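# Coordinates in review
Next come the chains, spelled out residue by residue.
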Amino acid sequence: MPLYSPWPALFLAALMLWPPATRRWALLPLAVAWAWAWKDGVIEPVALAAPALLALAAVCIRPTFQANSPATPPPALRLFGHLLFVLLAAALFLHLIPGFHNPQVIAPAPLSADAVAFGMYLNLDKPLVAFWVILVLAPPMVGGYVGGYVGADAGRAVGSDARSYAGGNAGGIAVHIVGRTLAAALLACAAAVLVCLGLALALGVVGWAPKWPDTGWIWLINNALLVTVAEEALFRGHVQQQLATCWRNRRWGGWAALGVAALLFGLAHFAGGWQWMLLATMAGVAYGVAYRYGGLAAAVLAHLGLNAAHFGLFTYPMRAVF
C-alpha cells in the first residue's frame, strides 16, 4: 500500500472517530480519502449515492433544533431512517452498491498448508457504516462507573455527570473508565478465544498453524481500523443499542438485545456454513457482553483480539477440508 494514496487519509479518519475532541472532524480526512479515490479511479460518481442515502437516513433520525430546542422526528420517520440505514449497511457490507473498485492488497493464496486461499481488499464502502453509527447515533464508546452509570451507559455520562463525580477528579474518572473498558475487552476476548477457537479446533474447522506472513501488518491495520469497527458499530452500536433502548423497561431487555444482535452476527456468516454461523454467534455473544460493560471500544478490542489469535495461531481463514 503506497503512502501516497487515499488509505492513510481513511485510516486517519477512522482513528479520529475515537477521541471526543476529534470525532466531529473525522469527516474531513474521510472526504479527502474519497476525493483522492475518485481521482485515482477507485470510485465512480455513482458511488456517491451511498453517502447521500446515508445522509438522508441521518436526517430522518437526528433531532432538529427549533427555537434552540431539539425537536424529535416523528416515530414513523425515525423508523424509516433506521430501516434505510440497515438496508444500506447490508448493501455496503456485501459490496452491492455500484461504483466502488476496492483494490486488492493481498493476492489469494493459502497462508498455511491445509488452508483455503485468503485474499484481502481495502474497502471504501464498508467503513461508511462505522462513520454513520458513531457520528449519527453516538453509541457509548467506553464503559465504567461514572455518576451512577454502569457499563456502556457510563460512556454517555462522560463530559456531563462525570465532571461532578468524585469531586470533579476528571483524571481519576478517566483512569477508572479506561480500566473498566479494558477489563471488559480482555475478559470477553479471552472467553471468545477459548470457546470459539476451541470449538473450531474440535470441529476441525481450523488447525494449529502459528505464522505471521509479510502481509500480516496490513491485515492487522485493516482489521483494527476498518473491519472490526464497522462490524461492531453495526451489530452492537446499532442493533444491540437500539433494541436495548426499545426494551429498556423490560428486565430482560438488555440481554435479549445482546442475543438478537449475536444471532444476526452469526447469520451474517452464512457463507461459511453452519459451523461458521455457530462460531460467529458465540463470538457475537462475547462482543455483546464487552459492549454492554465496556462500550464500543471494548467490543472492537475483543473482536480484534479474537481475529488476531485466529490469524496468527490457527488455520486462516479455515481448513480446505473439514
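Just so we're clear, the structure is a prediction, and the values are computed from it rather than from any experiment. (Residues numbered from 1 in each chain as written. Predicted model: local features only at pLDDT ≥ 70, side-chain atom pairs only at ≥ 80, totals over all residues. Heavy atoms only, no water.)

Within the protein chain, the secondary structure is distributed over 11 helices and six strands. Expressed as a percentage of its 322 residues, the buried residues of the protein chain come to 46%. Carbon and sulfur atoms provide 70% of the accessible area of the protein chain, an area that totals close to 15,400 Å². (Helix = DSSP H or I, 4+ residues; strand = E, 2+ residues; numbered from the N terminus. Buried < 20%, exposed > 50% of the residue type's maximum accessible area, 1.4 Å probe, protein only. Areas by Shrake-Rupley, 256 points an atom, 1.4 Å probe, with all protein chains shown as cover.)

Right, let's get into the packing of helix α10 (residues 253-267) against helix α11 (residues 273-313). Contact geometry for α10 and α11: axes closest at 8 Å, N-to-C directions at 125°. With respect to α11, the axis of α10 lies oblique. α11 is crossed by α10, and the crossing has right-handed handedness. Where α10 approaches α11, its residues Gly254, Trp255, Leu258, Ala262, Leu263, Phe265, Gly266 and Leu267 are matched on the opposing element by Met277, Ala280, Thr281, Gly284, Val285, Tyr287, Gly288, Val289, Arg292, Tyr293 and His303. (Axes fitted to C-alpha atoms, helices over the stretch in contact; angles between N-to-C directions. Parallel < 35°, antiparallel > 145°, perpendicular 65-115°, else oblique. Left-handed = near helix turned anticlockwise from the far one by under 90°. Contact = heavy atoms within 4.5 Å.)

Quick look at the packing of aromatic side chains now. Applying the stated criterion to the full structure yields 13 aromatic pairs. Each ring, one from Trp219 and one from Tyr316, has its centre 5.8 Å from the other, and the planes form 85°; the classification is edge-to-face. Of the two residues, Trp219 is situated in helix α9 (residues 216-246) and Tyr316 in the segment after α11; the sequence distance between them amounts to 97 residues. In this structure, Trp219 and Tyr316 share a single accessibility class: buried. Aromatic pair Phe235 and Phe265: ring centres 5.2 Å apart, planes at 80°, arrangement edge-to-face. Taken as a pair, Phe235 in helix α9 and Phe265 in helix α10 lie far apart in primary sequence, 30 residues in all. On the accessibility criterion, Phe265 (3% relative accessible area) is buried. (Phe/Tyr/Trp six-rings, centres within 6.5 Å; stacked < 30°, edge-to-face > 60°.)

Let's shift gears to the confidence of the model for the protein chain. Averaged over the protein chain, the pLDDT score is 91; the fraction of residues at 70 or greater is 89%. Taken together, the stretch residues 145-150 has pLDDT below 50 and engages in 18 contacts with residues farther than four places along the chain or on a different chain. (pLDDT = per-residue confidence, 0-100.)

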